[in-house]
Amino acid sequence: MVLNGPNLNLLGTREPAIYGSDTLDDIAGRLEDEALALGVAVDMRQSNHEGHLIDWLHEARADAARAVILNAGAFTHTSIALYDAIKAVELPVIEVHLSNPHAREPFRRRSYIAPVAKGVIAGLGVEGYSLALRAAATL
């Protein structure tokens, strides 16, 4: 399962100098092709609402997902609820960020996801999703 948080529906038009020009649909198409080659399935979702992300983490557990790739967007820096949900579902979660939060504003340097994530990929643009998918396929 690939979960995307707030404002990621605006990829391609939102601050392309930081986030690139690929849309979330572009990323989804690329991941679908890569998943097929890896012999895995991808279920990609996006929400601007924290509760949806939490519900989807619970669903991933109930559906016995192999792993979750999570770009929580700004919730990365604010959401103890996502931290708790990741701990509760006991699934490997790979945190992904298109930009490098450590090279940006100081408030972006704190991740509530990283301490409970299997791994973190940041700053590599859309390639980060591909790297996360390859890693998830081996878990």
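Each chain carries its own residue numbering, running from 1 in the direction its sequence is written. The predicted origin of the model limits local features to residues at a pLDDT of at least 70 and limits the giving and counting of side-chain atom pairs to 80 or more, whereas totals for whole chains, interfaces and linings rest on all residues. Neither water nor hydrogens contribute to the side-chain values; these are computed over all heavy atoms in the structure.

Another aspect to go through is the sheet that holds strand β4 (residues 93-97). Strand order in the open sheet formed by 5 strands is β2-β1-β3-β4-β5, with parallel pairing between adjacent strands. What marks the edges here is a single partner per strand, and that holds for β2 (44-46) and β5 (119-122). The mean angle between the axes of side-by-side strands here comes to 20°, regardless of whether they run parallel or antiparallel. Pairs of residues are marked as contacts when any of their non-hydrogen atoms sit within 4.5 Å. Axis definition: a line fitted to C-alpha atoms, limited for helices to the stretch in contact. Angles are taken between N-to-C directions and run from 0 to 180 degrees. Secondary structure counts use DSSP, requiring at least four H or I residues in a row for a helix and at least two E residues in a row for a strand, with both numbered from the N terminus. With respect to the sheet, helix α5 (residues 127-138) is in contact with β1 (2-4), β3 (68-71), β4 and β5, its orientation differing from that of β4 by roughly 170°. A pair of strands is labelled paired if DSSP reports no fewer than 2 bridges between them.

In this section: the nonpolar core. Counting residues in each nonpolar core, the largest one holds 22 residues, and the members touching the most others are V2, L11, I27, L31, M44, I69 and Y129. The biggest single contributor to this core is helix α2 (residues 24-38), with 5 residues. Once residues within four sequence positions are removed from consideration, I27 is found in contact with L11, D22, M44, V126 and Y129. Judged by nonpolar contacts, the second largest core, of 21 residues, contains L53, A60, L82 and V93. Definition used in this section: a nonpolar core is a set of buried Ala, Val, Leu, Ile, Met, Phe, Trp, Tyr and Cys residues joined via side-chain atoms within 4.5 Å. Throughout this description, buried means an accessible area under 20% of the type-specific maximum (1.4 Å probe, protein chains only), exposed means over 50%, and partly exposed covers the range between.

Locating R104 in the fold gives a position in the loop between β4 and β5. We classify R104 as buried; its relative accessible area is 16%. In protein, a polar contact requires one atom able to donate a hydrogen and another able to accept it; more generally it is a pair of N or O atoms within 3.5 Å, and residues adjacent in sequence count only if both atoms are side-chain atoms. A polar atom in the side chain of R104 sits 3.0 Å from the side chain of S99. If sequence neighbours within four positions are ignored, R104 has contacts with I18, Y19, S99 and R109.

As a further point, take the packing of aromatic side chains. Between the rings of Phe, Tyr and Trp (Trp by its six-membered ring), a pair exists once the centres lie within 6.5 Å; its type follows the angle of the planes, with under 30 degrees stacked, over 60 edge-to-face, and the other angles tilted. Counted by the stated rule, this structure contains 0 aromatic pairs. Directly above the ring of Y112 sits R110, whose terminal nitrogen or CZ lies 4.2 Å from the centroid. Charge-over-ring placement is defined geometrically: NZ (Lys) or CZ (Arg) within 6 Å of the ring centre, and within 35 degrees of the ring normal.

Moving on to the pattern of salt bridges. Salt-bridge detection follows one rule: a side-chain nitrogen of Lys or Arg within 4 Å of a carboxyl oxygen of Asp or Glu. Taken as a whole, this structure holds 7 salt bridges when the rule is applied. A salt bridge links E34 to R30; its shortest N-O distance comes to 3.3 Å. Here E34 pairs with R30, and both are found in helix α2, just 4 residues apart, close to one helical turn. R45 is the partner of D43 in a salt bridge, and the nearest nitrogen-oxygen pair spans 2.7 Å. A cluster of three or more residues bridged by salt bridges with shared partners is formed by R30, E34, E127 and R134.

Our next topic: the packing of α2 against α5. Close contact between α2 and α5 brings their axes to 10 Å; oriented N to C, the two are set at 30°. Classified by the interaxial angle, the pair formed by α2 and α5 is roughly parallel. Handedness of the α2/α5 crossing: right-handed. Here α2 contributes L24, I27, R30, L31, E34, A35 and L38 to the contact with α5, which in turn contributes E127, Y129, S130, L133, R134 and A137. Basically, the charged four are Asp, Glu, Lys and Arg, the nonpolar ten are Ala, Val, Leu, Ile, Met, Phe, Trp, Tyr, Cys and Pro, and anything else, Gly included, counts as polar. Split into classes, the residues belonging to the contact of α2 with α5 amount to 8 nonpolar, 1 polar and 4 charged. In these notes the angle categories are as follows: under 35 degrees is roughly parallel, over 145 is roughly antiparallel, 65 to 115 is roughly perpendicular, and the rest is oblique. Take the far helix as the reference: if the near one is turned anticlockwise from it by less than a right angle, the crossing is left-handed, and if turned clockwise, right-handed.

Our focus in this paragraph is helix α3 (residues 50-62). An expected span of 1.5 Å times one less than the residue number is assigned to each helix. Over its 13 residues, α3 extends 19 Å from the first C-alpha to the last, a length consistent with the 18 Å expected when each residue adds 1.5 Å. Listing the buried residues of α3 in full gives L53, I54, W56, L57 and A60. Projected down its long axis, α3 shows its buried positions confined to an angular sector of 160°, all on one face. Here the arc refers to the set of directions running from the helix axis out to each C-beta atom.

To continue, consider the environment of H58. On the secondary structure map, H58 appears in helix α3. Residues within four places of H58 in sequence aside, it is in contact with A85 and V89.

By themselves these figures say nothing about function.
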